[in-house]
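# Working through the structure, step by step
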Amino acid sequence: MSEASYIKGWCPGALRPMESGDGLIVRLRVTGGTLTVTQARAIANASEIYGNGLIDLSSRANLQIRGVTHETWPKLIETLSRYDLVDQAEEAESVRNVMASPLAGLDPTALINISPLVKALEDHLKSSHALHQLPAKFGFLIDDGGAWSIKTFSADINFEAIIIEGAASFAVRLAGAETISIIHPHDLIKTADTLAHYFIDARRGHEEKIRRMNDLVARDGAGSIFAALGLTTKALRITPSHEPHVLGFQQIDRLGCLSLAAPFGRWQSSIFSKLIDFAEVNHLSSLRLSPWRALILPGISKNIAEQALSLFGSDLITDPHDPRLSIAACSGAPHCLHASVETQKDARALSALFKNAPMSGISLHVSGCEKGCAHPRSSKMTLVGRRGLYDLVINGKADDPPRQRGLDPTQAVSTIKAWLEGDGA
């Protein structure tokens, strides 16, 4: 890796890490969010040996090893490569952004087994050099229509499993637009390729104005894009309107699952290792990463799950009503070079306000800067760090105009409290 690969303010990879306040961030894009127990143990050990023992689970179901140094990075990559966790080239890694239903291939309620399609799409993205021109954050989403739907997460190109006239099909959605096209599952790779090439051609010469698919949809409309490619269209709203509660033990038909989350997505490698030990002892073969920043143990019985809840309840979030789940928080200072506020510390203090709040999903985003890495979508309230203080954005994203400026952490708590009680308007 060249010095130019140490990018600041970039979406990191394993082969293209990002410099941060606590060292290099090495992001692992795990195919389908599926880790074998052996792979998970390799990650935990590598984090301890070559990093600072902190592992972040992102809202795109990626893992980030933190605190890696310039000296330890080559050894880390060499180690992870032995477990098929690293790509062959930076370009292939950068374009391989595919988010999938976390129980793909296991969920008995799924409409389609998407696991082969996820792997095939990733392989196609890696092998097609023309598609390496896609922007680094350009992403695909494949939803299997099962119990834990991820349709409410918007990617540049979504494939959402649905039933049309009694047959399983995919609704193709562009950047969250309601106008969709219906395709046969066998056509997914071809359709993804056609749409991606169309995007690359359409933005040529307009790269600053058309950064992602939402920019192209805003300019031309999803219907026009589909029509230009000969794809028929219809209108279909995104359902369900709320994300499912996935924490704790759940029985999905015959499949038992236990989901556990670390506060604000940050895992200590020692806790991660203990969880891997537990999975191995109880003959669980895999772990699943989810965009809810929760780690899932599939194929677990209720009795074994209760043992895990007792063992990990003091370190991890096991209750779907835990107030910390209402808040997204980035690394903040001193871990991030761009942050001037201690977001995780302040988020912990703010979480006490959400104990009785009847809300689902992310209601508050505590962001160290305008980039909004922890939660790129809109939220009811967003605190944005600037020069050691916070600005407050209402019903928007971190880079939207703030309603209030210059709040210290104590003022931020009282202001959020007022908004929750309906007195902030």
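Bear in mind the structure is a predicted one, so any value in this text is a computation, not a measurement.

## Structural notes on the packing of aromatic side chains
- Counted by the stated rule, this structure contains six aromatic pairs.
- Ring centres of Phe-153 and Trp-292 lie 6.0 Å apart, and the angle between their planes is 70°; on these two criteria the pair is classed as edge-to-face. Taken together, the residues Phe-153 in the loop between strand S7 (140-143) and strand S8 (157-164) and Trp-292 in the loop between strand S15 (286-289) and strand S16 (294-298) connect sequence positions 139 residues apart. For the pair Phe-153 and Trp-292, one class covers both residues: buried.
- Taken together, Phe-138, Phe-140 and Phe-199 form an aromatic cluster joined through their ring pairs.
- Sitting above the plane of the Phe-153 ring, Arg-377 keeps its charged end 4.5 Å from the centroid.

## Focus on the packing of helix H8 (residues 269-281) against helix H9 (residues 302-312)
- Running from amino to carboxyl end, H8 crosses H9 at an angle of 160°, the nearest separation of the two axes being 12 Å. Considered as vectors, H8 and H9 are oriented roughly antiparallel to each other. Every pair of crossing elements has a handedness; the one defined by H8 and H9 is right-handed. Across the interface between the two elements, Ile-271, Lys-274, Leu-275 and Phe-278 from H8 touch Ile-304, Gln-307, Ala-308, Leu-311 and Phe-312 from H9.
- Here the contact of H8 with H9 is composed, by residue class, of seven nonpolar, one polar and one charged.

## Here's the deal with the state of the cysteines
- Summed over all chains, the structure comprises zero disulfides.
- Considering cysteine sulfurs only, Cys-369 is the nearest to Cys-336, which forms no disulfide, with 5.8 Å between them.

## As for the layout of surface pockets
- Of the pockets and cavities examined, the second largest pocket occupies roughly 370 Å³.
- Lining the second largest pocket are 17 residues, and of these Thr-31, Asp-84, Asp-87, Arg-96 and Lys-126 sit closest to its centre.
- Looking at the lining of the second largest pocket, its residues break down into five nonpolar, four polar and eight charged.

## A look at the packing of helix H1 (residues 37-50) against helix H2 (residues 73-81)
- In contact at an axis separation of 10 Å, H1 and H2 are set at 170° when each is read in the N-to-C sense. Viewed along their axes, H1 and H2 adopt a mutual orientation that is roughly antiparallel. Touching Ala-42, Ile-43, Ala-46 and Tyr-50 of H1 are Lys-75, Leu-76, Thr-79 and Leu-80, all from H2.
- When grouped by side-chain class, the residues that make up the contact of H1 with H2 number six nonpolar, one polar and one charged.

## Quick word on the nonpolar core
- Ranked by internal contacts, the top residues of the largest apolar core, which has 46 residues, are Ile-43, Leu-80, Trp-267, Phe-272 and Leu-297.
- Non-local contacts of Leu-80, meaning those with residues more than four positions away in its chain, are made with Leu-28, Ala-42, Ile-43, Ala-46, Ile-65, Leu-85 and Val-86.

## Let's talk about H9
- Within H9, burial applies to Ile-304, Ala-305, Ala-308 and Phe-312. Summarising the axial view, the buried residues of H9 lie within an arc of 100°, below the 170-degree limit, and thus occupy one face. Of the residues in H9, the exposed ones pointing more than 90 degrees away from the buried face are Lys-302, Asn-303 and Ser-310.
- Check the buried side of H9 and you find it contacts strand S12 (248-252), strand S13 (255-261) and H8.

The rules behind each value
Residues numbered from 1 in each chain as written. Predicted model: local features only at pLDDT ≥ 70, side-chain atom pairs only at ≥ 80, totals over all residues. Heavy atoms only, no water. Phe/Tyr/Trp six-rings, centres within 6.5 Å; stacked < 30°, edge-to-face > 60°. Helix = DSSP H or I, 4+ residues; strand = E, 2+ residues; numbered from the N terminus. Buried < 20%, exposed > 50% of the residue type's maximum accessible area, 1.4 Å probe, protein only. Lys NZ or Arg CZ within 6 Å of the ring centre and 35° of its normal. Axes fitted to C-alpha atoms, helices over the stretch in contact; angles between N-to-C directions. Parallel < 35°, antiparallel > 145°, perpendicular 65-115°, else oblique. Left-handed = near helix turned anticlockwise from the far one by under 90°. Contact = heavy atoms within 4.5 Å. Nonpolar A, V, L, I, M, F, W, Y, C, P; charged D, E, K, R; others polar. Disulfide = S-S within 2.5 Å. 1 Å grid on protein atoms, 1.4 Å probe; cavity = no way out; pocket = protein on both sides within 12 Å on 5 of 7 lines; lining within 4 Å. Points joined across faces, edges and corners; volume = space filled by probe spheres on them. Core = buried A, V, L, I, M, F, W, Y, C linked by side-chain atoms within 4.5 Å. Arc of directions from axis to C-beta.

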